[in-house]
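Structure at a glance
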Amino acid sequence: DSGVTQTPKHLITATGQRVTLRCSPRSGDLSVYWYQQSLDQGLQFLIQYYNGEERAKGNILERFSAQQFPDLHSELNLSSLELGDSALYFCASSVPLTGGVYGYTFGSGTRLTVV
Amino acid sequence: AQKVTQAQTEISVVEKEDVTLDCVYETRDTTYYLFWYKQPPSGELVFLIRRNSFDEQNEISGRYSWNFQKSTSSFNFTITASQVVDSAVYFCALSGEGGSEKLVFGKGMKLTVNP
């Protein structure tokens, strides 16, 4: 157990639907990152939150949104789902280490299948 | 912009062979961090190593070794005496200082070790 919890582990839904993926970071970690792993795009950074605030944005579609709550858990909302959104979605949390480097911990991912 | 290139997409070896996974990166940051992750068939991302840009010492951990060469912007990973359990997808990743906390991943390299 990495300490980063993602639920659900698997999700099957139909096109046009909306889903919410949940992530609880490791205790004490303030940053949460979302990544999408698809066959054609590889592992891509979507968005980062730090202590409740959006910190960085990557290749996140407008149909996708995220937030981080006061208890630091985060949710990634995917709407108007398309077949191409089928992917493995990872959440990671990080803590700053000495020397300016960050220690990243990944969750086990949520596998989304859009049918 | 930061970029990580893993030119090899797939390698198949026989057990006990040595195998080297190549990673070439691009960044304008003077301080940056390089990572290797392993993704076994079960899907989770397993952290292997983190190296900062000021530390060019090679590192060995059991059968794993890493060769960081700043002059060629490469951070190669060698598995000595490969085993079937090494079969996985391996990702090289890069992060920068300050606002570039996110990880930029290469496309990954699938290693199959046959008995």
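Presented here is an overview of the structure given in this document.

Concerning the overall build of chain A
- When you go through chain A residue by residue, the secondary structure sums to 0 helices and 11 strands.
- Along chain A, helices (α) and strands (β) appear in the sequence β-β-β-β-β-β-β-β-β-β-β when read from the amino end.
- In summary, chain A has a C-alpha radius of gyration of 14 Å against a globular reference of 13 Å for 115 residues, a match within 12%.
- Taken along its principal axes, the extent of the C-alpha atoms in chain A is 45 × 25 × 25 Å.
- Out of the 115 residues in chain A, the part that is buried amounts to 51%.
- Partitioning the contacts of chain A with sequence separation of at least 6, the portion at a separation of at least 24 is 52%.
- When the accessible surface of chain A is summed, it comes to about 5500 Å², and 49% of that surface belongs to carbon and sulfur atoms.
- When the 8 basic and 10 acidic side-chain charges of chain A are each reduced to a single mean position, those positions are 3 Å apart.

Overview of the interface of chain B and chain A
- Between chain B and chain A, the residue contacts involve 15 residues of the former and 21 residues of the latter.
- Summed over both sides, the interface between chain B and chain A buries roughly 1600 Å², with carbon and sulfur atoms accounting for 58% of that surface.
- Between the two partners, chain B and chain A, sit 0 salt bridges.
- At the junction of chain B with chain A, the criterion picks out 3 residue pairs in polar contact (both at pLDDT 80 or more).
- Breaking the side of chain B that touches chain A down by element, the ones donating at least two residues are β5 (32–39) and β10 (88–96) of chain B.
- Top contributing element to the side of chain B that touches chain A by residue count: β5 of chain B, with 4 residues.
- The residue inventory of the side of chain B that touches chain A, partitioned by class, reads 7 nonpolar, 3 polar and 5 charged.

Rules used throughout
- Residues numbered from 1 in each chain as written.
- Chains lettered and ligands numbered in written order.
- Predicted model: local features only at pLDDT ≥ 70, side-chain atom pairs only at ≥ 80, totals over all residues.
- Heavy atoms only, no water.
- Helix = DSSP H or I, 4+ residues; strand = E, 2+ residues; numbered from the N terminus.
- Rg over C-alpha atoms; globule rule 2.2 N^0.38 Å.
- Buried < 20%, exposed > 50% of the residue type's maximum accessible area, 1.4 Å probe, protein only.
- Contact = heavy atoms within 4.5 Å.
- Areas by Shrake-Rupley, 256 points an atom, 1.4 Å probe, with all protein chains shown as cover.
- Lys, Arg positive; Asp, Glu negative; His and termini not counted.
- Charge placed at Lys NZ, Arg CZ, Asp CG, Glu CD.
- Buried area = accessible area lost by both parts, 1.4 Å probe.
- Salt bridge = Lys/Arg side-chain N within 4 Å of Asp/Glu carboxyl O.
- Polar contact = N/O pair within 3.5 Å; in protein donor to acceptor, adjacent residues only side chain to side chain.
- Nonpolar A, V, L, I, M, F, W, Y, C, P; charged D, E, K, R; others polar.

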